[in-house]
Every structure is written in structure tokens, then in C-alpha cells.
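Residue-level listing of the chains:
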Amino acid sequence: MVRSGLAKLARVVASHGIQTTRASRATLPSLSAASTFVPALPRASALSARFISKSSATHHQGITPDNQDVTPKEETPKPIRTPAEITDSEYHALADEFMDRLLHHLEDLAERRSEMDVEYSAGVMTVDFGQDTGTYVINKQPPNKQIWLSSPMSGPKRYDYVVLGEGQHEKQDTAAGDWVYLRDGTTLSELFKKEIGVDISMSIGQYGEQPH
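By the naming in an unreviewed UniProt entry, the protein chain is ferroxidase, taken from Podospora comata. Per UniProt, the comment on the protein chain under Catalytic activity (unreviewed entry) is "4 Fe(2+) + O2 + 4 H(+) = 4 Fe(3+) + 2 H2O". As recorded by UniProt, the Sequence similarities (unreviewed entry) comment attached to the protein chain reads in full: "Belongs to the frataxin family."

Given below as C-alpha cells:
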């Protein structure tokens, strides 16, 4: 009797434990569901995040130099100078006329400046301004149909005869021209006016006394 009672009690306790375990499992949340649960941000927080991101991008965009609307200035192209097509006889006539005109102006200036000396022989002209300035050498160069210059101020240069203005297509005897340094478009007359104050376009005897 005692053994039969103990066996029945054991079966009751075991049955109650199984039911309790099943009830406990039913009340616990699923581990897989808990691992995939992500709390949603409030709407105000999401809007704030988008506003901060946009403001930051706008701030950096405003200080970037590449975003500035800068229109490059158009540079005026320099006119292209080309040597005139002249014969040997035309070259000598044009070069001799220029050298003679330059010589007259320099000799007139030398009469007013004791330190200045001018010599011209066989197509080579030397103009000595003394130790303070130095010596200019101007000479004809028939093989190249040029006039060469050696300046103590600006160095050596080679000048070609160029027909200036709209008359470049005209005949040599009707178009105006000058001796031009093709690299920068300046003329030999402009150089003498700038460096030593001799304006070949002026009449002889208009220079006056040089300032001390």
C-alpha cells in the first residue's frame, strides 16, 4: 500500500512540473523575434537628421571656390605680323632710308650732348652714350632682309620690315610700313623713343636741351 501511494504521488508531481514548464515557455518572448526587433526613430528625430545633413552640405558648398561663378576675361588677341615680301633692291632702299633718318636725328641730339658719339659706316651704326648708358649698335643684315639691334638696355633684337594696318595686301610703294620685332610687335622707332628719347617722326632740331 505504501509503495503504491508513493508511485501515485510521484506521477502527480511529474505531471504538474511538465504543465508549469509549458506555461512558462508560452509566456516568454521568442528569442528570434527579440533579436530582429529594431526600435523606430520618432518622426521629429528623422526630420532633424535630414535637416542637419542638408545644412552641413550647404555650408561646405558655400565656401568651395570651385562653385563660385567666375567668368574669365577675354584677352584681346595681338595682331599677327608677317614680314613683307620685298626684293633685295626694295630692302636696301627701305633700310637705307631708315638708317639715314635715324642718323640725322642722332647727330642732331649729339650736338646737344657732349658725352654722346655717333658713327655710321658700311651699314653699321654705333651710338655711344658714355659709361652711364652704354653703346647701341644698329646694322643692316641683307641676307635676312633685316635690321639688327644691340641695346645696352634691352639686349639684341632682329627687326623685319612689316606693312602695317589694312594695307598689308597693297603694293609696297603705296602701303605704310615699319621695322618690327615680330616676337612682341614693337617697332624699332618705338624702342628708340622709349630708351633714348629719339622720335624719328619729328623734324630735325626739335629735341631741345636734355634735362640734367
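Having put the structure on the table, let's press on.
## A look at helix H4 (residues 88–110)
Relative to the 33 Å expected for 23 residues at 1.5 Å per residue, H4 spans 32 Å between its end C-alpha atoms, a close match to the ideal helical length. Where H4 is concerned, the buried positions are Tyr91, Ala95, Phe98, Met99, Leu102, Leu103, His105, Leu106, Asp108, Leu109 and Ala110. Those residues of H4 hidden inside the fold are in contact with strand S1 (117–121), strand S2 (124–128), strand S3 (135–141), strand S4 (146–151), strand S6 (177–181) and helix H5 (188–195).

## What to know about the confidence of the model for the protein chain
The pLDDT averaged across the protein chain works out to 73; a share of 52% of its residues lies at or above 70. Under a pLDDT of 50 for its full length, residues 55–65 has, in the predicted model, 1 contact with residues more than four places off or in other chains.

## Thoughts on the pattern of salt bridges
Evaluation of the coordinates by the stated rule reveals 6 salt bridges. Between Arg113 and Glu115 there is a salt bridge, with its nearest N and O atoms 3.1 Å apart.

## Section: unusual backbone geometry
A positive phi angle, close to 55°, is found at Ala122, a residue other than glycine. Along the chain, the position of Ala122 falls in the loop between S1 and S2. Its identity is not glycine, yet Lys145 carries a phi of approximately 55°, on the positive side. On the basis of relative accessibility, which here comes to 26%, the residue Lys145 falls in the partly exposed class.

## Here's the deal with the sheet that holds strand S7 (residues 186–187)
Here 7 strands make up an open sheet; going across it, the order is S1-S2-S3-S4-S5-S6-S7 and the pairing antiparallel. Only two strands of the sheet have a single neighbouring strand rather than two, namely S1 and S7. Here H4 sits on the sheet and contacts S1, S2, S3, S4, strand S5 (155–163) and S6; the angle it forms with S3, its principal contact strand, is near 160°.

## Thoughts on the side chain of Gln146
Residue position: Gln146 is located in strand S4. Taking relative accessible area as the criterion, Gln146 reaches 10% and is therefore assigned buried.

Scoring rules and cut-offs
Residues numbered from 1 in each chain as written. Predicted model: local features only at pLDDT ≥ 70, side-chain atom pairs only at ≥ 80, totals over all residues. Heavy atoms only, no water. UniProt positions renumbered as here; feature names shortened; annotations may be inferred. Helix = DSSP H or I, 4+ residues; strand = E, 2+ residues; numbered from the N terminus. Expected span 1.5 Å × (residues − 1). Buried < 20%, exposed > 50% of the residue type's maximum accessible area, 1.4 Å probe, protein only. Contact = heavy atoms within 4.5 Å. pLDDT = per-residue confidence, 0-100. Salt bridge = Lys/Arg side-chain N within 4 Å of Asp/Glu carboxyl O. Pairing = 2+ DSSP bridges. Axes fitted to C-alpha atoms, helices over the stretch in contact; angles between N-to-C directions.

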